[in-house]
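Spelled out from the first residue to the last, the chains are:
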Amino acid sequence: MKNLWLEREAENYVRYYAKQNVNEDVALRVYSSRLLGGDPRLVLHGGGNTSVKTIAKDFTGTDIDVLCVKGSGWDLGDIEPAGLPAVRLQPLVQMEKLKSLSDEDMVNGQRINLLDLNSPNPSVETLLHAFLPHKFIDHTHSNAILAIVDQTNGCDLCYEVFGDFMGIVPYIMPGFALAKEAAKVYREKPSVNGLILLNHGIFTFAETAKDAYGSMIRMVTRAEKFLLKRKKKKFSLVKLPKAFAPLHEVAPILRGLSFYEGKRLILDFRTSTKIKAFVGGKHLGRYANQGTATPDHVIRTKHKPLIVPAPEQGKLDEFSNGAAIVMHQYISDYHSYFVRNNKRYKGKKEELDPIPRMILVPGMGVFGLGKSAKAAGIAADLLETNISIITEVEAMGTYSVIREGDIFDMEYWSLEQAKLSRVKEKSFTRTIVVITGAGSGIGAATARAFSDAGAEVCLLDKDEAAISSIASEIGGVGIKCDVTNPIEVENSFQKIVEIRGGIDILVSNAGAAWQGKIGEVSDEIMRKSFEINFWGHQNVAQNAVQIMKSQKIGGCLLFNTSKQAVNPGKEFGPYGLPKAATLSLMKQYAVDYGGDGIRSNAVNADRVRSGLLTDKMIKSRSKARRLSERDYMSGNLLNREVTANEVADAFISLAKAKSTTAAVITVDGGNIEASMR
Ligand SMILES: [Zn+2]
């Protein structure tokens with residue numbers, strides 16, 4: 001591993017932060033923390049932590065000895081001085097004299113000694129940083145270190161690899177007891193460069209940021225070289241089917257099986273030659289079920305993955321049944337694991353949902369699962385890291401981590417759970433929504449509304465530039481798609497399923513307006529309009545329903561049908577007729593798929609400023625009717641202009657209306673001729 005410290009860059013940090021009244025110690029602490037955090041082989045997603053002992057002024061202007069240590073919720077890769085809250089050092093050092101200290105007292109002791117009460121909670125490993133005397137301390141969960149310590153003979157290997165350079169600390173859960181033990185190991189051999197924490201990670205320390213970081217890189221490189229020399233074995237593989245079912249058919253089945261007590265999850269698929277070798281291994285059941293490579297992964301991935309059968313091509317039903325059996329087994333095993341371990345806590349812990357966050361599919365790859373696309377991505381990243389580490393270990397030895405009880409203590413530790421976002425879930429969190437014609441007008445407003453309500457939004461539109469800009473604005477998936485082209489539609493839906501795992505709600509909105517007197521209009525115009533205003537809806541609805549049926553967890557279809565479907569406007573036949581057919585289409589889906597829990601509803605909007613009713617059209621139409629633009633746009637019972645956001649709200653209401661199907665909501669400011677009866 002390369003040492004990335006650059007003297008010039010370090011000086012830049014010092015100069016830059018001096019302007020913000022940040023001292024040199026903290027500026028350099030930020031610099032080397034970012035160097036560590038920038039390498040996923042060292043730390044991932046909030047893992048690891050760093051500290052510096054320095055001087056800060058309290059509110060009276062008095063100089064105080066403080067420990068600036070990583071705060072909860074910050075990532076080393078992009079940390080700022082605010083992510084290194086200052087805690088009075090002396091009271092922390094005093095805590096070492098205590099025989100025991102509860103977690104609550106430890107957290108309280110750390111918080112009441114903050115110089116700024118608005119700071120985040122100091123890391124759960126703060127006391128370890130405080131009890132060691134060094135100025136700069138770095139801690140990572142390096143892959144190479146874990147590949148050595150997570151072996152049955154990990155401790156012996158550490159002596160072999162690190163000799164007198166490092167102290168070796170047995171596994172203890174982070175907190176007061178570990179901090180005391182680590183300080184004791186250090187004092188027995190004060191010449192060490194750092195400490196190896198069995199089944200957990202590595203600490204290095206020094207008087208300068210450069211030296212502490214340098215030791216980290218040197219020790220990790222030592223571990224890497226050792227692994228390279230020793231590696232020999234490859235996974236012996238099981239016999240797998242010749243051909244596999246495609247990802248877009250497998251993912252919705254697994255997403256459906258992960259549905260639990262009304263809650264959905266998002267899936268993130270990963271594959272590579274390395275991953276395929278791992279999931280195809282003969283002893284997968286042994287090495288994959290030991291637990292995570294470092295304990296704090298467990299809150300995001302749970303300790304065991306779900307291993308499903310290989311999905312053989314043409315035998316999807318068999319796969320589906322096999323996967324359902326192992327999922328039920330997983331749920332019941334998780335429940336027993338909880339009950340067994342909760343006894344030690346006198347039944348006080350509350351069980352988390354028993355659904356796996358990692359699924360391994362022999363022959364294909366792996367899925368990370370989470371309540372959002374982000375959480376699923378984190379689970380998948382951690383899973384990939386675990387695969388790398390276990391692959392290294394199994395090439396030379398046997399993978400082995402902490403006991404089940406220790407894993408449970410970590411998974412159900414309130415301080416670990418506190419690391420997860422406590423933001424309240426929104427109405428559409430865990431929900432995948434596809435919106436067509438999402439590049440502008442009503443579609444774009446609906447995409448924003450669903451995204452604000454917590455949904456994972458996938459946007460389809462012919463206009464690639466428009467959707468990619470909205471997709472990046474709201475963090476959605478944007479795919480160029482012409483809904484009149486059945487092949488493009490099929491490919492787009494497959495892609496969505498490959499990226500997110502399935503579909504819950506379809507807003508079929510894409511449309512275009514044509515005019516003409518019905519007795520004179522050309523067939524070409526009529527057919528063009530039917531292509532988009534009827535077939536466009538049928539193409540996307542058919543694809544959505546297939547995916548929803550394979551998930552077996554219901555779904556929701558929403559059509560934009562327009563008031564023309566019930567109240568034809570003069571010379572608007574080319575637009576109104578296919579819209580009327582689409583209104584019937586909505587009802588037909590409600591009838592044919594109600595039994596599958598799939599609801600189908602529509603919104604009839606009228607006179608909404610959009611791509612179909614442009615400012616130019618408004619100008620000419622109001623002129624033709626001898627009305628001001630304002631009067632034309634608010635020519636309804638309520639005398640108010642209808643906005644795209646109000647139409648979006650109607651889609652949202654229908655998506656929430658669990659007992660409503662085959663219904664139409666009118667959003668037109670009131671038009672008695674177009675009212676439903
Ligand atoms: Zn750690």
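Summarised in this report is the structure supplied together with it.

Calculation criteria
- Residues numbered from 1 in each chain as written.
- Predicted model: local features only at pLDDT ≥ 70, side-chain atom pairs only at ≥ 80, totals over all residues.
- Heavy atoms only, no water.
- Pairing = 2+ DSSP bridges.
- Helix = DSSP H or I, 4+ residues; strand = E, 2+ residues; numbered from the N terminus.
- Axes fitted to C-alpha atoms, helices over the stretch in contact; angles between N-to-C directions.
- Donors = N, O, S within 2.8 Å, 3.2 Å for Na, K, Ca; no water.
- Buried < 20%, exposed > 50% of the residue type's maximum accessible area, 1.4 Å probe, protein only.
- Salt bridge = Lys/Arg side-chain N within 4 Å of Asp/Glu carboxyl O.
- Core = buried A, V, L, I, M, F, W, Y, C linked by side-chain atoms within 4.5 Å.
- Contact = heavy atoms within 4.5 Å.

### Quick word on the sheet that holds strand β2 (residues 63-69)
Then, number 1: The mixed open sheet is built from seven strands, whose spatial order is β3-β2-β1-β4-β7-β6-β5. The sheet is open, and its two borders are formed by β3 (86-88) and β5 (166-169), each paired with just one other strand. The mean angle between the axes of side-by-side strands here comes to 25°, regardless of whether they run parallel or antiparallel.
Then, number 2: Where strand β1 (residues 49-57) lies against β2, seven bridges are found, and the strand directions are antiparallel.

### Here we look at the coordination of the zinc ion
Then, number 1: Donor atoms from the polypeptide that coordinate the zinc ion comprise His-139 (NE2), His-141 (NE2) and His-200 (NE2), at 2.1 to 2.3 Å from the metal.
Then, number 2: The buried category is assigned to His-139, whose relative accessible area is 0%.
Then, number 3: Assessed through its relative accessible area of 9%, His-141 is described here as buried.

### What to know about the pattern of salt bridges
Then, number 1: Scanning the model with the defined rule gives 29 salt bridges in all.
Then, number 2: With a shortest N-O distance of 2.9 Å, Lys-135 and Asp-25 are connected by a salt bridge. In this pair, Lys-135 is assigned in the loop between α5 (126-131) and β4 (136-140) and Asp-25 in helix α2 (residues 24-37), connecting sequence segments 110 residues apart.
Then, number 3: Residue classification places Lys-135 among the partly exposed residues on the basis of a relative accessible area of 22%.

### Quick word on the nonpolar core
Then, number 1: Ranked by internal contacts, the top residues of the largest apolar core, which has 69 residues, are Phe-162, Ile-196 and Phe-278.
Then, number 2: Counting residues per element, this core draws most heavily on helix α9 (residues 209-230), at ten residues.
Then, number 3: Setting aside residues up to four positions removed in sequence, Phe-278 forms contacts with Phe-235, Leu-284, Tyr-287, Ala-288, Leu-360, Ile-387, Ile-390 and Thr-391.
Then, number 4: In this structure, Val-361, Val-545, Leu-557 and Leu-583 belong to the second largest nonpolar core, which totals 60 residues.

### Notes on the sheet that holds strand β13 (residues 456-461)
Then, number 1: An order of β14-β13-β12-β15-β16-β17-β18 is seen for the seven strands of this open sheet, with the pairing classed as parallel. On the outer flanks of this sheet lie β14 (477-480) and β18 (664-667), each paired with one strand and no other. Going across the sheet, the axis of each strand differs from the next one's by a mean of 15°, ignoring polarity.
Then, number 2: Note: strand β12 (residues 432-436) against β13, five bridges, orientation parallel. Within the sheet, the bridge partner assigned to Ile-435 lies in β13 and is Leu-459.

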